[in-house]
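Working through the structure, step by step
Read off the chains here:
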2 protein chains.
Amino acid sequence: MRARDLAEDLPTVGPDDDALQAAQLIAGERLPAIAVLDDGRHPVAVLRASEVLRFVIPGYVQEDPSLARVLDEASADGCASELLGKRVRDLLPGPDRKVALAVVDGDATVVECAAEMARLGSPLLVVVDGEQVRGLLTVSHLLEVLLPMPDSPAGQPRGADRRSPR
Amino acid sequence: MRARDLAEDLPTVGPDDDALQAAQLIAGERLPAIAVLDDGRHPVAVLRASEVLRFVIPGYVQEDPSLARVLDEASADGCASELLGKRVRDLLPGPDRKVALAVVDGDATVVECAAEMARLGSPLLVVVDGEQVRGLLTVSHLLEVLLPMPDSPAGQPRGADRRSPR
């Protein structure tokens, strides 16, 4: 089994797509990250959900974090507006902060995928066959493949500790 | 709206729980991370799915990554065995590598939660009321709250670019 066999058909965005819509897509589909592909379908970046958060935090809070405490929920309205008019490319690290692209070849073994994902600490890998993006591989899917999953609801391990935090 | 209002009832594990079962839980429920709570229900750590991957990679591959390429899928069988006999505590960073605990107070505003999640780059926050764990907050849920979500299937934004990678 190789990376191309595990690649899933998950939504992607382009660098010029609307940043708010991309963030809504990540939230609505509960994606750990989203792949950014250029018009030529080449991977540009993998944008993590936690990285998007940086851009929804109102500027005045970034300047003075203590303000976040005194703000009521109305301040949350300001978060979406932080993304208004922005493009996906505006959420990507600048040339000064080059980030390794989370990409693996379609021929990569599952162990290679795991090693690369662990090395980058990325929850998502872009699987490419040459120049062509084959699909996406999430850390959850990779763990499902690497580990024997019990035949129980939601793959919950038999006897697993499921203590509720509440 | 405060952190305690957003806290979800997600599964947690204890430091002495079986590492393989914890990894299966993360994979089966597609969790971005899992909260580790001690017997007193106090947060010990937030273990990310990508961090778990480090421990399922066979030792001989960690010593010689090039081996991963030549191994066939049978090698994946070795991944689960890497976790056999291990406890959750064995997957946590040692005292030499102290990691900031991804915890917020139940009174934290949504903007505070976003700022802390972005600062730590954590996909999961443990919400506590004093000593008591109130629940968990995922980055996806927080983005859903912070952003206006369109009333469309899976919260997919109207007109969002959903180009398929295939």
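Above this text sits the structure in question.
Residues numbered from 1 in each chain as written. Chains lettered and ligands numbered in written order. Predicted model: local features only at pLDDT ≥ 70, side-chain atom pairs only at ≥ 80, totals over all residues. Heavy atoms only, no water.

1. Thoughts on the interface of chain B and chain A
Test applied: Any two residues whose heavy atoms approach within 4.5 Å at even a single point are treated as in contact. Every case where a carboxyl oxygen of Asp or Glu lies within 4 Å of a side-chain nitrogen of Lys or Arg is listed as a salt bridge. What qualifies as a polar contact is a pair of N or O atoms within 3.5 Å, subject to a donor-acceptor requirement within protein and to the restriction that residues adjacent in sequence count only when both atoms come from side chains. Secondary structure follows DSSP: runs of H or I at least 4 residues long count as helices, runs of E at least 2 residues long count as strands, and numbering of each begins at the N terminus. Residues are grouped as follows: nonpolar covers Ala, Val, Leu, Ile, Met, Phe, Trp, Tyr, Cys and Pro; charged covers Asp, Glu, Lys and Arg; every other residue, Gly included, is treated as polar.
With 87 residues of chain B in contact, the opposing surface of chain A contributes 87 residues. At the junction of chain B and chain A, the tally comes to 4 salt bridges. Of the charged contacts, one joins B:Arg30 and A:Glu144 as a salt bridge, the two residues approaching to 3.1 Å between their closest N and O atoms. One can count 6 residue pairs in polar contact (both at pLDDT 80 or more) joining chain B with chain A. Among the elements of the structure, strand E1 (12-13), helix H2 (19-28), helix H3 (49-56), helix H5 (66-70), helix H6 (77-81), helix H7 (110-120), strand E6 (132-138) and helix H8 (139-146) of chain B are those that each provide at least two residues to the side of chain B that touches chain A. Ranked by residues supplied to the side of chain B that touches chain A, first place goes to H2(B) with 8 residues. For the side of chain B that touches chain A, the residue count by class is 46 nonpolar, 19 polar and 22 charged.

2. Some details on the side chain of B:Thr138
By the secondary structure assignment, B:Thr138 is in strand E6. There is a polar contact of 3.1 Å between the side chain of B:Thr138 and the backbone nitrogen of B:His141. Apart from residues lying up to four places away in sequence, B:Thr138 is in contact with A:Arg30, B:Glu8, B:Leu10, B:Pro32, B:Met117, B:Pro123 and B:Leu124.

3. Re the sheet that holds E1(B)
Residues and elements named next belong to chain B. Cut-off, in case you're wondering: Strands are labelled as partners when DSSP assigns at least two bridges between them. Axis geometry follows a simple rule: fit a line to the C-alpha atoms, using only the stretch in contact for helices, then measure angles between N-to-C directions, giving values from 0 to 180 degrees.
Strand order in the open sheet formed by 3 strands is E1-E2-E3, with mixed pairing between adjacent strands. Looking at the sheet topology across the chains shown, the edges are occupied by E1 and strand E3 (43-48). By the bridge criterion, 2 bridges tie E1 to strand E2 (residues 33-37) in an arrangement that is parallel. Pairing of threonine 12 across the sheet is with alanine 35, part of E2. Against the sheet, H3 makes contact with E2 and E3, and its axis sits at roughly 75 degrees relative to E3, the strand it touches most.

4. Description of the environment of A:Pro123
Residue and element names in this part refer to chain A. Our working definition: Partly exposed residues are those whose accessible area sits between 20% and 50% of the maximum for their type, while under 20% is buried and over 50% is exposed, using a 1.4 Å probe and protein chains only.
Relative to the helices and strands, proline 123 is located in the loop between helix H7 (110-120) and strand E5 (124-129). Accessibility expressed as a relative area gives 13% for proline 123, which makes it buried. Considered as a pair, proline 123 and leucine 47 are 76 residues apart in the sequence and their alpha carbons are 10.0 Å apart. Apart from the residues lying within four places of it in its own chain, the contact partners of proline 123 are Pro32, Ala33, Arg48, Met117, Leu137, Thr138 and Val139.

5. Quick word on the pairing of strand E6 (residues 132-138) of chain A
Residue and element names in this part refer to chain A. Most of E6 sits out of view: 5 of its 7 residues are buried. The pairing of E5 with E6 spans 6 bridges and is antiparallel. Within the sheet, the bridge partner assigned to leucine 125 lies in E6 and is leucine 137. The turn linking E5 back onto E6 is made up of 2 residues, and glycine 130 within it adopts a positive phi angle of 65 degrees.

6. Topic: helix H2 (residues 19-28) of chain A
With 9 of its 10 residues buried, H2(A) lies for the most part within the structure. Its side-chain oxygen at 3.0 Å from the backbone nitrogen of A:Leu20, A:Asp18 defines the N-terminal cap of H2(A).

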